[in-house]
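# Architecture and fold: a report
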Amino acid sequence: MLTTLTIAWANLWTRRHLFAGAFVAVALGVALVASMGLGLAAAADPPAGEPQRFAAQPVVVMPHDTLTIEVDRGPHRAHASKKIPYPQPVDKGLLRELADLGTVHRDHLAPDAVGVDASAAAVRAVVGDRAQVLTGAARRSADPGAERDAQAVVAVRAMLGTAGGVSAFVAVFVTASTFAFVVALRRREFGLLRLAGATPGRVRRQLFTEALAVGVAASATGCALGSWGAPLLARALIDNGIAPPWFTASGTATPQSTSWNSWTYWTSWPFQLAFWTGLFVAVAGAWAASRRAGRIGPVEALRDADVDTDVMPRSRRIVGAALLALGLGLTVHTLWTDPSALLKRKTYTTQPMILITAAAALAPLLVRPVLRMIRLPGAVGLLVRENAAASVRRTAAVAAPVLVTVALAGSLMGSAETVSAAKAREANEQTNSQLIATGDELSLTRRPVPGVAAVSPSASTAVFAREEGTTLLRSEARAVTDPAALAATSRLPVVFGDIRHLDDRSIVINEEWEHHRVGDRLSVWLGDGRRTTLRVAAVLARGTGDNGAYVTMANAGAAPVDRIDVRLTPGVSPAAVTDALRAATSGHDVRVRTAAAWLDATHPRVKPQTRHGMLLLLGIALTYTAISLAGTQLMATSVRDGELRALRRAGATRAQVRLMLAGEALVAVAAGTALGLAVTALNLGGVAAALGLLTPESGAGTGAGAGAGAGLEAGVVVPWGVVGSAVGVCAVVAVGAGVLGAGWGRRNGAGT
């Protein structure tokens with residue numbers, strides 16, 4: 001064992017230029033996982049904050065704001081819960097009982113909760129299970145901004161979870177590829193060991209020990225970097241509007257702080273997860289590479305040719321083909337069973353990873369056909385092309401991380417922009433009004449506004465239903481005062497029924513609901529938690545997922561009117577009516593805009609928070625790719641001293657050698673870009689096919705509000721700017737590292 005460790009240490013020191021890339025890859029991956037973990041830990045247990053609304057009262061009584069029902073969980077019964085948007089206020093009988101205990105403080109602007117000057121025990125004895133009793137920091141839940149902050153924290157958890165998954169994916173792929181490339185560069189060394197009598201097991205143990213040493217050192221370094229990077233990540237989330245201003249990651253410790261020197265801090269789950277993940281990735285990558293190294297025969301030491309043969313082991317071909325079949329099969333299955341699922345963020349940010357992994361695994365096999373299509377002029381161009389084709393392992397090692405970055409940028413950002421553009425087109429097609437007033441607690445005077453043909457006030461609410469007895473689903477809904485006015489101011493994609501038949505005992509739903517036939521009676525829970533039975537008056541197409549339910553104001557509880565759609569009489573311009581409509585509308589923060597302006601504000605191509613989150617995610621992946629490219633190029637060029645020296649002796653100038661190295665790097669980046677764009681085309685093609693399948697049937701619905709077959713255009717948005725920037729960074733890093741590696745080779749005697 002001691003001999004193995006000694007040899008491993010000597011190899012690591014002698015070939016530190018080869019292992020530097022693996023060390024950096026593991027350390028950066030661990031740093032990313034640690035930073036994401038610290039952010040998730042902070043989001044999972046955010047600071048309660050000081051109560052504002054009832055800070056002077058020791059006890060707050062608040063209505064139940066959660067709907068909880070029984071559902072089936074296999075053979076057992078369980079409970080499912082969802083937040084309700086408009087809880088019913090504390091009833092008057094309970095308020096009278098509380099008044100007997102002490103002074104009751106009410107907030108007239110938001111009368112959903114009250115403060116009580118009494119002991120918590122006495123209040124709990126009176127309230128029982130009729131409402132919530134909040135004390136201490138829990139009183140913060142009654143503040144108006146508490147729900148907004150809670151939603152922001154949920155968004156942070158979702159974003160960090162996705163980013164952590166993508167970071168782990170890129171880290172595992174790059175680290176495994178780096179170790180595989182190190183083995184490929186050392187195949188003659190392993191051949192000499194085999195020639196000297198080393199057994200395949202001895203070769204595998206040597207490589208495994210080296211990887212273990214690199215993994216331990218790199219993981220420890222990555223944990224320290226993660227603690228430093230966590231506050232930077234938190235600040236980036238705040239600056240981009242993803243996290244609330246008070247959000248801090250628990251990694252904000254400094255060397256002078258107590259937590260930095262605390263054993264509890266360094267043994268917390270984010271660091272444990274990051275360290276052992278890094279070690280596992282390093283060992284797993286080396287294990288796969290060591291099996292290949294053990295199969296290298298003594299004849300490898302006698303070879304003079306550098307032409308790669310058998311660049312794809314059978315196991316990798318099988319894994320790559322299986323992943324490719326799985327990715328394509330999942331897309332086809334989803335299109336067949338539930339096309340709308342491909343338009344959901346959870347799907348289009350995770351499912352593309354399968355195809356990306358498949359293409360990356362098959363990269364050495366796919367690079368050669370791409371290289372055959374590349375034609376470069378001149379002798380240097382011919383040399384570049386032939387070198388790239390002869391050294392497929394080296395070319396694939398550079399192309400693979402570029403493939404991953406381009407495919408991630410194109411698939412994730414392209415899917416988000418494609419779905420957002422489809423939602424914007426769908427909203428535009430469904431709007432039949434010229435003016436829209438928005439605000440809080442809106443109302444119109446009884447005096448008619450000249451030039452107005454139809455007015456449809458509505459409120460935002462929600463409807464809950466138990467699907468298949470196992471799930472409690474929430475559907476966003478609009479509550480309307482006049483179904484006939486709704487029909488006049490909208491072009492909803494009605495496939496069955498008539499929205500003008502909506503009344504206080506009925507509901508309009510879409511095809512996503514389990515039971516969606518006109519006349520069906522559905523048991524639902526309303527936005528204030530009340531349970532009722534409503535008849536289906538009309539059914540809408542699924543669309544992009546924004547076609548929610550419609551109920552009347554009688555089924556909206558305390559939901560305030562927040563939007564008024566206005567249809568003008570023919571020949572009247574919006575400008576002529578805007579001022580009169582604004583004067584006739586009362587409420588808080590009243591804004592009257594044209595329908596086009598309202599659509600631009602509420603249906604942007606991509607929401608700013610989503611775009612910033614995606615760019616942050618892609619920035620992490622691009623950083624990892626850049627470091628991987630630099631390490632790979634430096635490793636590859638540093639072992640080509642003999643080849644470069646031969647070129648100089650054959651008459652090539654130093655500039656020509658550098659031009660050849662730059663050309664090889666650009667060819668590899670171009671190959672990776674082409675493969676990444678091909679994967680992007682497959683992923684975006686699935687999204688486009690889903691949009692095409694979700695086109696509503698024409699002529700099935702009736703009524704003035706029915707969209708007469710106005711379907712969704714399956715237009716694909718490719719983020720060429722983001723993809724081009726990623727490719728440009730990859731090209732600069734690959735060329736710079738390749739030329740820099742030649743400089744190192746010259747100092748070592750290559751003569752370039």
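Residues numbered from 1 in each chain as written. Predicted model: local features only at pLDDT ≥ 70, side-chain atom pairs only at ≥ 80, totals over all residues. Heavy atoms only, no water.

Another aspect to go through is the overall build of the protein. In terms of helices and strands, the protein carries 22 helices and 16 strands. Looking at the protein as a whole, 50% of its 752 residues are labelled buried. Long-range contacts, defined here as pairs at least 24 residues apart, represent 80% of the contacts in the protein between residues at least 6 apart. Working note: accessible area of the protein is about 33,600 Å², and carbon and sulfur atoms make up 60% of it. (Helix = DSSP H or I, 4+ residues; strand = E, 2+ residues; numbered from the N terminus. Buried < 20%, exposed > 50% of the residue type's maximum accessible area, 1.4 Å probe, protein only. Contact = heavy atoms within 4.5 Å. Areas by Shrake-Rupley, 256 points an atom, 1.4 Å probe, with all protein chains shown as cover.)

Relative to the assigned elements, asparagine 432 resides in the loop between helix 15 (392–430) and strand 7 (435–444). One polar contact links the side chain of asparagine 432 to the main-chain carbonyl oxygen of alanine 488, over a distance of 3.0 Å. Of note is the side chain of asparagine 432, whose polar atom sits 2.8 Å from the side chain of arginine 491. (Polar contact = N/O pair within 3.5 Å; in protein donor to acceptor, adjacent residues only side chain to side chain.)

Here we take up the sheet that holds strand 6 (residues 132–135). Overall, antiparallel pairing links the four strands, which are arranged 4-5-1-6 in an open sheet. The open sheet has two edge strands with one neighbour each: strand 4 (104–106) and strand 6. Strand-to-strand twist of the sheet, defined as the mean angle between neighbouring strand axes without regard to direction, takes the value 30°. As paired strands, strand 1 (residues 59–62) and strand 5 (residues 114–116) are joined by three bridges and run antiparallel to one another. When the sheet's bridge partners are listed, valine 59 is paired in strand 5 with valine 116. Each of strand 1, strand 4 and strand 5 is contacted by helix 3 (residues 92–99), which is oriented at about 135° to strand 4, the strand it contacts most. Lying on the sheet, helix 4 (residues 120–127) is in contact with strand 1, strand 5 and strand 6; it crosses strand 6 at an angle near 170°. (Pairing = 2+ DSSP bridges. Axes fitted to C-alpha atoms, helices over the stretch in contact; angles between N-to-C directions.)

So, on to the packing of aromatic side chains. Under the defined criterion, the tally for this structure stands at one aromatic pair. Between the aromatic rings of phenylalanine 275 and tryptophan 276, the centroid separation amounts to 5.2 Å while the plane-to-plane angle is 90°, which identifies the pairing as edge-to-face. (Phe/Tyr/Trp six-rings, centres within 6.5 Å; stacked < 30°, edge-to-face > 60°.)

With that out of the way, let us pick up the nonpolar core. Within soluble globular proteins, side chains that are nonpolar generally end up buried alongside one another. Of all hydrophobic cores here, the largest spans 99 residues; its most connected members are Val156, Val170, Leu237, Phe247, Val404, Leu408 and Val669. Here the element with the most residues in this core is helix 15; it accounts for 15 residues. Among residues more than four places away in sequence, those in contact with valine 156 are Ala43, Leu237, Ile242, Ala243 and Phe247. In terms of nonpolar packing, the next biggest core, distinct from the first, is built from 20 residues, Ala459, Ala465, Ile507 and Ile509 among them. (Core = buried A, V, L, I, M, F, W, Y, C linked by side-chain atoms within 4.5 Å.)

Further remarks concern the pattern of salt bridges. Taken as a whole and assessed by the stated rule, the structure comprises 13 salt bridges. For glutamate 97, the salt bridge identified is with arginine 130, shortest N-O distance 3.2 Å. Linking glutamate 97 in helix 3 with arginine 130 in the loop between helix 4 and strand 6, this pair joins segments that are 33 residues apart in sequence. Taking relative accessible area as the criterion, glutamate 97 reaches 35% and is therefore assigned partly exposed. Exposure remark for arginine 130: the relative accessible area of 38% places this residue in the partly exposed category. Overlapping salt bridges, with partners in common, bring together Glu70, Asp72 and Arg77 in one network. (Salt bridge = Lys/Arg side-chain N within 4 Å of Asp/Glu carboxyl O.)

Further remarks concern the confidence of the model for the protein. Looking at the protein as a whole, the pLDDT averages 80, with 82% of positions reaching at least 70. Across residues 251–258, confidence stays below pLDDT 50; counting only partners more than four residues off in sequence or on other chains, it has twelve contacts. Confidence drops under a pLDDT of 50 for residues 745–752, and excluding neighbours within four residues, the segment shows 18 contacts in the predicted structure. (pLDDT = per-residue confidence, 0-100.)

What follows concerns the pairing of strand 9 (residues 471–480). The sheet contact formed by strand 8 (residues 452–467) and strand 9 spans ten bridges and is antiparallel. Following the sheet pairing, alanine 462 is matched in strand 9 by glutamate 476. Hairpin connection, strand 8 to strand 9: the antiparallel pair is bridged by three residues, and glutamate 468 has positive phi, about 55°.

Quick look at the environment of valine 319 now. By the element assignment, valine 319 lies in helix 10 (residues 314–337). Classification of valine 319 by relative accessible area gives partly exposed; the value is 46%. For the pair valine 319 and alanine 358, spaced 39 residues apart in the sequence, the C-alpha separation amounts to 7.7 Å.

Our next topic: the packing of helix 14 (residues 378–390) against helix 15. The N-to-C vectors of helix 14 and helix 15 enclose an angle of 90°; their axes lie 5 Å apart at closest approach. Between helix 14 and helix 15, the interaxial angle falls into the category roughly perpendicular. Residues Asn387, Ala388, Ala389 and Ala390 of helix 14 touch helix 15, and the partners they reach there are Val392, Arg394 and Thr395. Across the contact of helix 14 with helix 15, the residue classes break down as four nonpolar, two polar and one charged. (Parallel < 35°, antiparallel > 145°, perpendicular 65-115°, else oblique. Nonpolar A, V, L, I, M, F, W, Y, C, P; charged D, E, K, R; others polar.)

A few words now on a nonpolar patch on the surface. Taken together, the side chains of Leu225, Trp228 and Leu232 define a hydrophobic patch exposed on the protein surface, amounting to about 340 Å² of accessible area. On the secondary structure map, leucine 232 appears in helix 7 (residues 200–239). Owing to a relative accessible area of 47%, leucine 232 belongs among the partly exposed residues under this scheme. (Patch = residues over 30% accessible without salt bridge, like charges linked within 9 Å, V, L, I, M, F, W, Y side chains within 5 Å.)

With respect to the helices, strands and loops of the structure, threonine 347 is situated in helix 11 (residues 345–348). There is a polar contact of 2.9 Å between the side chain of threonine 347 and the backbone oxygen of alanine 341. Leave out the neighbours within four places in its chain, and threonine 347 touches Ala341, Leu342 and Pro352.

Two residues of an α-helix separated by three or four positions point the same way, owing to the 3.6 residues in each turn. Of all the positions in helix 3, only Leu94, Leu95 and Leu98 are classed as buried. In a view along the axis of helix 3, the buried residues occupy a sector of 105°, so they form one face of it. The exposed residues of helix 3 that point more than 90 degrees off its buried face are Lys92 and Arg96. Those residues of helix 3 that are buried are in contact with strand 1, strand 4, strand 5 and helix 4. Backbone nitrogen of glycine 93 and a side-chain oxygen of the N-cap are separated by 3.2 Å at the start of helix 3; the cap is aspartate 91. (Arc of directions from axis to C-beta.)

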